[in-house]
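Reading the structure
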Amino acid sequence: TFESGKAELKPDVEQKISKEINRVIQELGPDKQSAAAAIKYLRIEITGHTDRVLFKKGSKMNNQKLSEERANAIKKLFVDAGVNEDTITTSGEAAEDCTSDKYKNANDPRCRKVEIKITLNPAGSELKNMLQKINIGELAGKLTGGTKNN
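Below you will find a few notes about this structure. All values reported here derive from a predicted model rather than from experimental measurement.

Reading the values: the criteria
- Residues numbered from 1 in each chain as written.
- Predicted model: local features only at pLDDT ≥ 70, side-chain atom pairs only at ≥ 80, totals over all residues.
- Heavy atoms only, no water.
- Salt bridge = Lys/Arg side-chain N within 4 Å of Asp/Glu carboxyl O.
- Helix = DSSP H or I, 4+ residues; strand = E, 2+ residues; numbered from the N terminus.
- Buried < 20%, exposed > 50% of the residue type's maximum accessible area, 1.4 Å probe, protein only.
- 1 Å grid on protein atoms, 1.4 Å probe; cavity = no way out; pocket = protein on both sides within 12 Å on 5 of 7 lines; lining within 4 Å.
- Points joined across faces, edges and corners; volume = space filled by probe spheres on them.

Taken as a whole, this structure holds six salt bridges when the rule is applied. The salt bridge partner of R23 is E27, with a shortest N-O separation of 2.2 Å. With R23 and E27 both in helix α1 (residues 11-28) and four residues apart, the pair spans about one turn of that helix. Since its relative accessible area comes to 59%, E27 is described here as exposed. The salt bridge involving E69 is made with K65; its shortest N-O contact spans 2.9 Å. Taken together, the positions of E69 and K65, both in helix α3 (residues 60-80) and four residues apart, correspond to about one turn of that helix. We classify E69 as partly exposed; its relative accessible area is 33%. Judged by its relative accessible area of 46%, K65 falls in the partly exposed class. Put simply, E20, R23 and E27 are held in one network by salt bridges that share partners.

Moving on: empty space enclosed by the protein. Under the definition given, this model contains one cavity of 30 Å³ or more. Roughly 60 Å³ of volume is contained in the largest cavity. Every residue along the wall of the largest cavity is listed here: V24, I25, L28, I39, L42, I44, F78, V83 and I118. Residue assignment for the lining of the largest cavity shows that the elements contributing at least two residues are α1 and β1 (42-48). Counting residues per element, the lining of the largest cavity draws most heavily on α1, which supplies three residues.

Here's what the structure looks like:
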């Protein structure tokens, strides 16, 4: 998704990612207000990665910075779509994920990536646990005055 040594997304890739982010947000609620209410229960973790080419005078720290910039580029797309930035954490792993035998080439484009993990935050997990404990049939019976057997 990224060119070697760059944190900017290619325009076509940015458009695809933005479209996918908006699709996910729409699935959270039928309108912006309900989607925004659901988003506050999420935790979005974005991790950037680089290939093994050392940029700018061979500094590994520059690859670390580059991987963080890539994660922040994706974070910006989430924020532009209306996600509160407090919901999002970013980090960079430099080329740590690009060391296995399957990546023989130091400039392997598969290493230039971002991983996105979306989970429930602690408040969301607590809410989910509370909802799972509620017996919906029992609750419906209490709200309607019980059911009558014929």
